[in-house]
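Residues per chain are reported as follows:
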Amino acid sequence: MKTTFTKDGMDERRPRTELEWAHVRNNAMVLSEAGNLLMIPPRAKDGGEWMTRSQELIDTASVALRAAEAKNVDQLYMVGGLIDEACENCHKKYWPNY
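The present account deals with the structure reproduced in this document. (Residues numbered from 1 in each chain as written. Predicted model: local features only at pLDDT ≥ 70, side-chain atom pairs only at ≥ 80, totals over all residues. Heavy atoms only, no water.)

## Some details on the packing of aromatic side chains
For any pair of aromatic rings, geometry is given as the distance between the ring centres together with the angle between the planes. Across all of its chains, the model carries 2 aromatic pairs by this definition. Just above the ring of W50 sits the side chain of K45; from NZ or CZ to the centre is 5.9 Å. (Phe/Tyr/Trp six-rings, centres within 6.5 Å; stacked < 30°, edge-to-face > 60°. Lys NZ or Arg CZ within 6 Å of the ring centre and 35° of its normal.)

Quick look at the structure:
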C-alpha cells in the first residue's frame, strides 16, 4: 500500500482484487510466523526483551491479517506503521551497526 503525490495528482496503490488481498493476507501470516520462529532457540537471543519484541511482531502482524481478511484498507494503513515500529525497536537493540 502506498500513496504518492505527483504533479499530476495522487496515485494510491492498494489491494483491489481478490489475488492482491490474498497476497497481503499471506504476507501478514508470514510476518506472524516469523515472530514465532524468532522465539525458538537458537534464534532467541534472550528470554526478556527479545521475546517481547518477537511477540510485538506477532501481535501487529495478526492485526494486519485480520485487516486483510476484512479488506480494511484504513486498518492496514494504521497497522503498517506499528509493524515498522516493532521491527525498528528490535533491530535497534539486536542488529549490530543498524
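After that view, the rundown keeps rolling.
## A look at the side chain of T60
Inspection of the secondary structure puts T60 in helix α2 (residues 49-70). Since its relative accessible area comes to 9%, T60 is described here as buried. At 3.2 Å, the side chain of T60 forms a polar contact with the backbone oxygen of L57. Discounting residues that sit within four places of it in the chain, T60 has contacts with V79, L82, I83 and A86. (Helix = DSSP H or I, 4+ residues; strand = E, 2+ residues; numbered from the N terminus. Buried < 20%, exposed > 50% of the residue type's maximum accessible area, 1.4 Å probe, protein only. Polar contact = N/O pair within 3.5 Å; in protein donor to acceptor, adjacent residues only side chain to side chain. Contact = heavy atoms within 4.5 Å.)

## Thoughts on the pattern of salt bridges
It is possible for side chains bearing opposite charge to pair when their charged atoms get close. For the structure on display, the rule yields 5 salt bridges. Note that E18 and K71 form a salt bridge whose closest N and O atoms lie 3.3 Å from each other. Residue E18 is found in helix α1 (residues 18-38), and its partner K71 is found in the loop between α2 and α3 (73-94); the two are separated by 53 residues along the sequence. Under the relative-accessibility criterion, K71 is labelled partly exposed at 38%. One salt bridge connects R53 with E56, and the closest N-O pair in it is separated by 3.1 Å. Here R53 pairs with E56, and both are found in helix α2, just 3 residues apart, close to one helical turn. Several salt bridges converge on common partners, so that one network encompasses E49, R53, E56 and K93. (Salt bridge = Lys/Arg side-chain N within 4 Å of Asp/Glu carboxyl O.)

Keep in mind these values describe shape, not function.
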